[in-house]
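Remarks on the overall topology
Chain by chain, the residues run as shown.
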Amino acid sequence: MFPQITMTKILGNAPYIYKFCHECGLISTLDQLLPPTRVPAAPASFGELVALLVVNRLTCPRPLYQVAEWARNSGFDKYFACSADYLNDDRLGRMLDTIAPYLPELQEALVLQLVTKYDLDPAFIHYDLTSIYFEGDHTGEDWITLGYSRDQKPDHAQLTLGLNVTDSESFPVQWQVYPGNTADVTTVIANMEALKQRFPKASLLHIGDRALFSLEIYRKALDFEIGLLAPLKTCNATKELLAGVSITELPLETSKKGSKTVDYRLGEFSVDLDPQHQLPPLRAIVVWSRAQARSQTRNHDRKITLRREGLSQLQQKLNQPYYRTKPRVEKALARIMKADPVNEGFHVQLAGTEGQLTWQVTEDPTVWAAQVRTLGCYVLVTTVSPERLDTLAVFEAYKRQWRVESPFRTLKHPLKVRPLFLQRPERIRSLLFIIMVALMRYTLLGVLLQRQGHHLTPQRLFQVLLGLVLVQQVLPDRSIWLQVGPPSETELPYLRALQLETTSEWVQLKIQKHYRNLEVPSNPP
């Protein structure tokens, strides 16, 4: 008689993520916008294949050629629409080619669907850019180039990704891929226009860093009726403004930064940046940070000390064999006095003839005192009215610019967006789209947990969700019995918060459908 065989398979947390993608409407939305698969008998739609790669990216990121192996080893193919053999890299690559022309429509549909369904607030938008580097030779691509590398990979070709996230949730609402050598400031106007088209009724506030503000951007923001908030670069306007401000008389504000208390001084003024005086003046918030002032003062004193030591050493070498002529001494002096404001406090007089040079150095402490007075200061400019945001609210909105830095860290670490090994531009853009869809789900998991009072990051959630167990028995009559075990008591509170507590039953039905040609008893033997 044929013996009874029992096997168990750890499905992990992939079933939870897959069901979450179903609940979010990912597959149904994609299938509505994408054409049907070219093969009528294809077991999986394009929407399901995208969901497969999203789950893979969230649970165990793999290159395309390893996805089938992951699906087989994790048991994902037992409740997915097709077997692991169907998930070869050629088929997944053709899927990326197919969805490439539809990426703008897909992005807009998915973003608007989730913003509406989960009541996300797109009023305050944080914008920034990052770089994503490539392995291999991409010399034939004009948009994958060398450029300023935020990954510390200056010798690798890269592209630039611009990302907009909401203020309260860090949820991605707009992203765009640019050539790797794109200057940040050149992307802002097109980004504001895209945001206005996506959220025409929202009262948008565009928040960025100092590299994302210019007079032309200010002019276009008025045309688009979008608010702006950004630090002002050091220029004559900021110098004149800070010169007329008594920092010690500004009101002191205290805020929490983790477990530390940070002191700030804030004052509101007005600044006119338009030399033609055709644009209205901007609100200017002068910010003084005690922590930055201390750090910058130490750095300022260190630079003065280094200049003094360098000048003293050069003076000792004066009229020695190599330093007998003015050109050579002046060349060495230029190396010591690199461009820096502290140099304004030193006055060096070099006189005499070859071999008989004289040297005199004088210092002007009043110059350094004036510089120290404004250390720790920067100027925020905004077009938002005081009725909407007062001085403190403007400052706090800017300090939340880290909201856009956090998704960048998620992209580059848990989701492993870098490096990319693909070659075709269409496939690169499509894979980036899928990774961004995974980032949306990753962020949404954290939002829903926080709303239910669970202060747990998505990455920590994946560690807590140990996953479901699949029990497979081959009975003596050679029929097969498959049963998905229930989640543990530790998992249930988080699954209820995400409305995923019925995942085991849902996966059970998926498995029975997948094995519909086999006899699967409804009750265990």
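1. Points about the overall build of the chain
Of the regular secondary structure elements, the chain holds 18 helices and 14 strands. For the chain, whose C-alpha radius of gyration is 30 Å, the value lies well above the compact-globule estimate of 24 Å for 525 residues. Referenced to the eigenvectors of the C-alpha coordinate spread, the extents of the chain come out at roughly 110 × 60 × 45 Å. With 525 residues in all, the chain has 51% of them scored as buried. Contacts in the chain between residues at least 24 apart in sequence constitute 70% of all its contacts with a sequence separation of at least 6.

2. Comments concerning empty space enclosed by the protein
According to the stated counting rule, one finds one cavity of 30 Å³ or more in the structure shown. What the largest cavity holds in volume is close to 40 Å³. If you trace the largest cavity, you find it lined by Leu-53, Asn-56, Arg-57, Arg-62, Leu-64 and Leu-431. Among the elements that line the lining of the largest cavity, the one with the most residues is helix 3 (residues 46-59), at three residues. Across the lining of the largest cavity, the residue classes break down as three nonpolar, one polar and two charged.

3. Some words on helix 11 (residues 326-336)
Helical periodicity: at 3.6 residues per turn, an α-helix aligns residues three or four positions apart in one direction. For helix 11, the full list of buried residues reads Val-329, Ala-332 and Leu-333. Viewed along the axis of helix 11, the buried residues span an arc of 105°, placing them on a single side of the element. Seen from the buried face of helix 11, the exposed residues on the opposite side, beyond 90 degrees, are Pro-327, Lys-331 and Ala-334. Structurally, helix 11 contributes buried residues whose contacts are with helix 10 (290-316), strand 10 (346-353) and strand 11 (356-363).

4. Considering the layout of surface pockets
Taken as a whole, the largest pocket spans an internal volume of roughly 920 Å³. Lining the largest pocket are 29 residues, and of these Thr-234, Pro-341, Gln-371, Thr-374 and Leu-375 sit closest to its centre. When residues of the lining of the largest pocket are traced back to their parent elements, those giving at least two are helix 9 (236-243), helix 10, helix 12 (365-373), strand 12 (377-382) and helix 13 (391-399). It is helix 10 that contributes the most residues to the lining of the largest pocket, five residues altogether. Looking at the lining of the largest pocket residue by residue, the class counts come to 13 nonpolar, nine polar and seven charged. What the second largest pocket holds in volume is close to 510 Å³. In this structure, the second largest pocket is lined by 20 residues; those nearest its centre are Glu-169, Ser-170, Ser-406, Gln-450 and Pro-458. Listed by contribution, the elements that provide at least two residues to the lining of the second largest pocket are helix 14 (402-412), helix 15 (425-451) and helix 16 (458-464). Looking at the lining of the second largest pocket, its residues break down into seven nonpolar, 10 polar and three charged.

5. Some remarks on helix 4 (residues 67-74)
Buried within helix 4 we find Val-67, Ala-68, Trp-70, Ala-71 and Ser-74. Along the axis of helix 4, the buried positions cluster into a sector of 160°, meaning they face one direction only. Where helix 4 ends, the next residue or the one after it, Gly-75, has phi of about 80°, a positive value.

6. Overview of the pairing of strand 10
Sheet topology note: the strand 10/strand 11 ladder contains eight bridges and is antiparallel. Following the sheet pairing, Thr-353 is matched in strand 11 by Gln-356. Where strand 10 folds back onto strand 11 in an antiparallel hairpin, the turn is made up of two residues, including Gly-355, whose phi is positive at roughly 85°.

7. Description of the nonpolar core
In this structure, Leu-49 and Phe-76 are the most contacted members of the largest nonpolar core, which totals 135 residues. The element that contributes the greatest number of residues to this core is helix 15, accounting for 17 residues. If near-sequence neighbours (up to four positions away) are discounted, Leu-49 is found in contact with Ala-44, Phe-80, Tyr-86, Leu-87, Leu-92 and Met-95. With 19 residues, the next largest nonpolar core counts Leu-205, Leu-229, Leu-266 and Tyr-398 among its residues.

8. Describing the pattern of salt bridges
Note on pairing: side chains with opposite charge can pair once their charged atoms come close. Taken as a whole, this structure holds 11 salt bridges when the rule is applied. The shortest N-O distance in the salt bridge between Lys-303 and Asp-340 comes to 2.7 Å. Here Asp-340 lies in the loop between helix 11 and strand 10 and Lys-303 lies in helix 10, a separation of 37 residues in the sequence. Accessibility expressed as a relative area gives 22% for Lys-303, which makes it partly exposed.

9. Some remarks on the side chain of Arg-307
Considering the arrangement of structural elements, one finds Arg-307 in helix 10. The side chain of Arg-307 is buried and forms no salt bridge, while Asp-340, the nearest opposite charge, is found at 4.5 Å. Setting aside residues no more than four positions away along its own chain, Arg-307 makes contact with Ile-336, Met-337, Lys-338, Asp-340, Val-342, Asn-343 and Phe-346.

10. A short note on the packing of aromatic side chains
Going through the model one piece at a time under the given rule, you end up with 13 aromatic pairs. Each ring, one from Trp-175 and one from Phe-433, has its centre 6.4 Å from the other, and the planes form 40°; the classification is tilted. Highlighted residues: Trp-175 in strand 4 (residues 172-179) and Phe-433 in helix 15, separated in sequence by 258 residues. Take Trp-175 and Phe-433: they sit in the same class, and that class is buried. Ring centres of Tyr-322 and Tyr-323 lie 5.1 Å apart, and the angle between their planes is 80°; on these two criteria the pair is classed as edge-to-face. The class of Tyr-322 is partly exposed, set by a relative accessible area of 43%. Clustering of aromatic rings is evident, with ring pairs tying together Tyr-18, Trp-70, Phe-76, Tyr-79, Phe-80 and Trp-506. Note that Arg-91 overlies the ring of Tyr-86, its terminal NZ or CZ placed 3.8 Å from the centroid.

11. Details of a positive patch on the surface
On the surface, a cluster of positive charge is made up of Lys-317, Arg-328, Lys-331 and Arg-335. Within the secondary structure layout, Lys-317 lies in the loop between helix 10 and helix 11.

12. Some remarks on the confidence of the model for the chain
Averaged over every residue, the pLDDT of the chain is 87; residues scoring 70 or more account for 92%. The low-confidence segment residues 517-525 (pLDDT under 50) makes 15 contacts with residues lying over four places distant or belonging to another chain.

About the thresholds
Residues numbered from 1 in each chain as written. Predicted model: local features only at pLDDT ≥ 70, side-chain atom pairs only at ≥ 80, totals over all residues. Heavy atoms only, no water. Helix = DSSP H or I, 4+ residues; strand = E, 2+ residues; numbered from the N terminus. Rg over C-alpha atoms; globule rule 2.2 N^0.38 Å. Buried < 20%, exposed > 50% of the residue type's maximum accessible area, 1.4 Å probe, protein only. Contact = heavy atoms within 4.5 Å. 1 Å grid on protein atoms, 1.4 Å probe; cavity = no way out; pocket = protein on both sides within 12 Å on 5 of 7 lines; lining within 4 Å. Points joined across faces, edges and corners; volume = space filled by probe spheres on them. Nonpolar A, V, L, I, M, F, W, Y, C, P; charged D, E, K, R; others polar. Arc of directions from axis to C-beta. Pairing = 2+ DSSP bridges. Core = buried A, V, L, I, M, F, W, Y, C linked by side-chain atoms within 4.5 Å. Salt bridge = Lys/Arg side-chain N within 4 Å of Asp/Glu carboxyl O. Lys, Arg positive; Asp, Glu negative; His and termini not counted. Phe/Tyr/Trp six-rings, centres within 6.5 Å; stacked < 30°, edge-to-face > 60°. Lys NZ or Arg CZ within 6 Å of the ring centre and 35° of its normal. Patch = residues over 30% accessible without salt bridge, like charges linked within 9 Å, V, L, I, M, F, W, Y side chains within 5 Å. Areas by Shrake-Rupley, 256 points an atom, 1.4 Å probe, with all protein chains shown as cover. Charge placed at Lys NZ, Arg CZ, Asp CG, Glu CD. pLDDT = per-residue confidence, 0-100.

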